[in-house]
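# Structure assessment
Chain residues, written in single-letter form:
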Amino acid sequence: MSNLIVVGISDFKIARVPDILVTYALGSCVGTCLYDTSLKLAGLSHILLPESSICKNDNNVMKYADTAIVELVRLMERNGASRYRMIAKIAGGANMFASTGTSVGERNVIAVKNELNKLGIRIVAEDTGKNYGRTVEFNPEDGSMLVKSVLHGIRVL
Amino acid sequence: MIHLENYENLSETQKDVLREIGNIGGGNAATALSSILTGRVNMSLPQLHIINVNEIAELLGGPEKEIVGILVTMTGDIQGMLLFLLDKAFTHMLINVLLGKSIDSFENINDMDLSALKEIGNILAGSYINAISTLTGLRIKLFPPDIAVDMVGAILNYPAAQFGAMGDKVLYIEENFSSGQDCVKSHLLIMPELDSLKIMFDRLGV
């Protein structure tokens, strides 16, 4: 029996077969799926903002790209994974309102990519940017990322 | 200048003032909507919420609920945003009445329909801004409305990210409008920035 493990905003969780990770309605937020291919251990992070430095008295490391990704990697490694076997798939980072100028979504995507690059984790698939929301499901069984949207269909990456 | 560190420190009087602004603005908005829709539009009593921005989507039917979001940004003496969230039935009713159509699905909404909805956003936002300006004498300008047809959770990322840097709690005044037997619904979230609230309260001496 597989369980759906829900990852909220400013949150991350890990899962093993047969469970499935899901995070709902990413707008400008970015969902990062990390996957240890040989252990079949998966992690999913849902960040709201790129940098923790913009808010001084906030200690939720899961909220910001620059603190969340590295913490999720540590959590997965404490559960037996190795960053050298990890791959990443990312989705989200949309600009929901076209007229609002500099997009937080775009900055979120750049920040997540920077972190993954620093950790030496390769991005093998991404569905980012544009102007619509995405729900992401990650299946540790085969490492597939399902991306659902309201008006732009479903993609499997 | 009054001392106000975060939204949770508001006094009861200050909360009453915000509800009253919601009441007056909402009354204007309901009147405007009634004349556009040529039917009675009812308005609920305004509610004041000070909650974690991540929890708003849950209150509105869950993050994946499909909705139309019309964003109007306030600038001038008051900074903040107004966000109208229209459920499917309310959206269809507005488009059908305004443009003489009979659409019943989000997939069929075209640019002309979106433009008409934005205009409604403009009219509603104007109703509230007039209420705030009249009470406080402050000058508020509105940016042209922007619109998204999407999951409510994704739409709410925008205020979450804007206010996220200031803490997880936001303040919003919520009002629900309904019309007809179907009781179609819309929500309005008025989200002023903390500094702007201080300016408003200062003007009103509360």
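Reading guide: rules and limits
- Residues numbered from 1 in each chain as written.
- Chains lettered and ligands numbered in written order.
- Predicted model: local features only at pLDDT ≥ 70, side-chain atom pairs only at ≥ 80, totals over all residues.
- Helix = DSSP H or I, 4+ residues; strand = E, 2+ residues; numbered from the N terminus.
- Buried ≥ 20, exposed ≤ 12 C-beta atoms within 10 Å, placed from the backbone.
- Rg over C-alpha atoms; globule rule 2.2 N^0.38 Å.
- Contact = placed C-beta atoms within 7 Å.
- Pairing = 2+ DSSP bridges.
- Axes fitted to C-alpha atoms, helices over the stretch in contact; angles between N-to-C directions.
- Left-handed = near helix turned anticlockwise from the far one by under 90°.
- Nonpolar A, V, L, I, M, F, W, Y, C, P; charged D, E, K, R; others polar.

Moving on: the overall build of chain A. Broken down by element type, chain A carries two helices and 10 strands. Ordering the α and β elements of chain A from the N terminus gives β-β-β-β-β-α-β-α-β-β-β-β. With respect to the three principal axes, the spread of C-alpha positions in chain A is 45 × 35 × 25 Å. The proportion of buried residues among the 157 residues of chain A is 51%.

A word on the overall build of chain B. What chain B contains, in helices and strands, is six helices and eight strands. What you see in chain B, going N to C, is helices and strands ordered as α-β-β-α-β-β-α-α-β-β-α-β-β-α. The C-alpha atoms of chain B give 17 Å as radius of gyration, which agrees with the globular expectation for 206 residues (17 Å, within 12%). C-alpha extents for chain B along the principal axes are approximately 55 × 30 × 30 Å. For chain B, buried positions account for 43% of its 206 residues. Sequence separation of 24 or more characterises 74% of the internal contacts of chain B that already satisfy a separation of 6 or more.

What follows covers the environment of Arg139 of chain B. Residues and elements named next belong to chain B. One can find Arg139 in the loop between α4 (111-136) and β5 (140-142). Overall, Arg139 belongs to the exposed group, with 11 C-beta atoms counted inside 10 Å. Among residues more than four places away in sequence, those in contact with Arg139 are Gly76, Asp77 and Ser133.

A separate point is the environment of Ser149 of chain A. Looking at the element boundaries, Ser149 of chain A is found in the loop between β9 (144-148) and β10 (154-156). Residues in contact with Ser149 of chain A, not counting those within four places in the same chain, are Tyr132, Gly133 and Arg134 of chain A.

Turning our attention to the sheet that holds β10 of chain A. Backbone-to-backbone hydrogen bonds join strands into a sheet, with any given pair of strands oriented parallel or antiparallel. Residues and elements named next belong to chain A. The mixed open sheet is built from five strands, whose spatial order is β1-β3-β8-β9-β10. If you trace the sheet from one side to the other, it starts and ends with β1 (4-6) and β10, each paired once. The mean inter-strand angle of the sheet, taken between neighbouring strand axes irrespective of direction, is 20 degrees. For strand β3 (residues 20-26) and strand β8 (residues 134-139), the ladder comprises four bridges, and the chain directions are antiparallel.

Let's shift gears to unusual backbone geometry. A negative phi holds for most residues other than glycine; trans holds for most peptide bonds. All names here are of chain A. The residue after Val17, namely Pro18, is reached through a cis peptide bond having omega 5 degrees. Summarising the element assignment, Pro18 is placed in the loop between β2 (11-16) and β3. Unlike most non-glycine residues, Ser10 shows phi in positive territory, near 60 degrees. The residue Ser10 is located in the loop between β1 and β2 in this model. A positive phi is found at Lys40, a non-glycine position, where the angle reads about 55 degrees. Following the sequence through the fold, Lys40 ends up in the loop between β4 (30-36) and β5 (41-47).

In this section: the packing of helix α1 (residues 12-37) of chain B against α4 of chain B. Residue and element names in this part refer to chain B. For the pair α1 and α4, the least separation of the axes is 8 Å and the interaxial angle reads 140 degrees. Relative to α4, α1 is oriented so that their crossing is right-handed. Of α4, the residues touching α1 (which contributes Ile21, Ile24, Gly25, Asn28, Ala29 and Ala32) are Ile123, Leu124, Ser127, Tyr128, Asn130, Ala131, Ile132 and Leu135. By residue class, the composition of the contact of α1 with α4 is 10 nonpolar, four polar and no charged.

This paragraph deals with the interface of chain A and chain B. Counting residues at the interface gives 25 residues for chain A, matched by 23 residues for chain B. Looking at the side of chain A that touches chain B element by element, the count peaks at three residues for β3 of chain A. Among the residues making up the side of chain A that touches chain B, the classes are represented as 17 nonpolar, eight polar and no charged.

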